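# Inside the fold
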Amino acid sequence: MNENLVKKTEEWMQLERKTLAQRKVAEEFYYNNLMTLIEADYIERNKASIGEKAKYFITSVGTSYEPIVLNIRFLTGYGNFIPFFYRDCKFNCVLSEIGM
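So, here's what we can say about the structure.

Conventions we followed
- Residues numbered from 1 in each chain as written.
- Predicted model: local features only at pLDDT ≥ 70, side-chain atom pairs only at ≥ 80, totals over all residues.
- Heavy atoms only, no water.
- Salt bridge = Lys/Arg side-chain N within 4 Å of Asp/Glu carboxyl O.
- Buried < 20%, exposed > 50% of the residue type's maximum accessible area, 1.4 Å probe, protein only.
- Phe/Tyr/Trp six-rings, centres within 6.5 Å; stacked < 30°, edge-to-face > 60°.
- Helix = DSSP H or I, 4+ residues; strand = E, 2+ residues; numbered from the N terminus.
- Contact = heavy atoms within 4.5 Å.
- Expected span 1.5 Å × (residues − 1).
- Polar contact = N/O pair within 3.5 Å; in protein donor to acceptor, adjacent residues only side chain to side chain.
- Axes fitted to C-alpha atoms, helices over the stretch in contact; angles between N-to-C directions.
- Parallel < 35°, antiparallel > 145°, perpendicular 65-115°, else oblique.
- Left-handed = near helix turned anticlockwise from the far one by under 90°.
- Nonpolar A, V, L, I, M, F, W, Y, C, P; charged D, E, K, R; others polar.
- Core = buried A, V, L, I, M, F, W, Y, C linked by side-chain atoms within 4.5 Å.

What follows covers the pattern of salt bridges. Inspection of every chain in the model, using the stated rule, returns four salt bridges. The shortest N-O distance in the salt bridge between Glu 44 and Lys 47 comes to 3.1 Å. On the basis of relative accessibility, which here comes to 48%, the residue Lys 47 falls in the partly exposed class.

So this is what it looks like as structure tokens:
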């Protein structure tokens, strides 16, 4: 694992999360300092598993944007069309996190 990722993860884990304000600081730290490192690590660890190019990428979505982002970043260049099917309007906040 990337040494910088380990260091930033340790910093993030030490942040307090007792109050809403503290949780927000931890979330922002994660998004601003960890997500890019996590993406790079995920791609590096999984790039040998691509067997063939695909025209479409279909995935289920939940309340966390990370699995979607990791797979989209991983499959960039392998999928030409990424449809999103969802019915809960609360999901709109996640769409902004994944760049939709």
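Don't stop here, the text continues.
A few words on the packing of aromatic side chains. A complete count under the given rule lists two aromatic pairs for this structure. Plain terms: the ring middles of Trp 12 and Tyr 30 are 5.2 Å apart, the flat faces sit at 50° to each other, and that makes the pair tilted. With Trp 12 in helix 1 (residues 3–14) and Tyr 30 in helix 2 (residues 20–46), this pair connects stretches of sequence that are 18 residues apart. By relative accessible area, which is 26% here, Trp 12 ends up partly exposed. Assessed through its relative accessible area of 15%, Tyr 30 is described here as buried. Between Tyr 42 and Phe 74 the ring centres are 5.9 Å apart and the planes differ by 80°, which places this aromatic pair in the edge-to-face class.

Our next topic: the side chain of Glu 39. Looking at where Glu 39 falls in the secondary structure, it is placed in helix 2. Residues contacting Glu 39, with those up to four places away along its chain left out, are Val 69, Leu 70 and Arg 73.

Compared with the 16 Å implied by 1.5 Å per residue over twelve residues, the 17 Å span of helix 1 between its first and last C-alpha is a close match. Two or three places before Asn 4, at the opening of helix 1, Asn 2 has a side-chain oxygen 2.6 Å from that residue's backbone nitrogen.

Quick look at the packing of helix 2 against helix 3 (residues 66–75) now. Running from amino to carboxyl end, helix 2 crosses helix 3 at an angle of 50°, the nearest separation of the two axes being 9 Å. When the axes of helix 2 and helix 3 are compared, the pair comes out oblique. With respect to the hand of their crossing, helix 2 and helix 3 are arranged in right-handed fashion. Contacts between helix 2 and helix 3 involve Tyr 30, Met 35, Ile 38, Glu 39, Tyr 42, Ile 43 and Asn 46 from the first element and Glu 66, Val 69, Leu 70, Asn 71, Arg 73 and Phe 74 from the second. The residue makeup of the contact of helix 2 with helix 3, split by class, is eight nonpolar, two polar and three charged.

Core analysis: the largest hydrophobic core is formed by 14 residues, its most contacted members being Tyr 30, Met 35 and Tyr 65. Of all the secondary structure elements, the ones that give two or more residues to this core are helix 2 and helix 3. No other element matches helix 3, which puts six residues into this core. Residue contacts for Tyr 30: discarding those within four places in its chain leaves Trp 12, Met 35, Ile 38, Tyr 65 and Glu 66.

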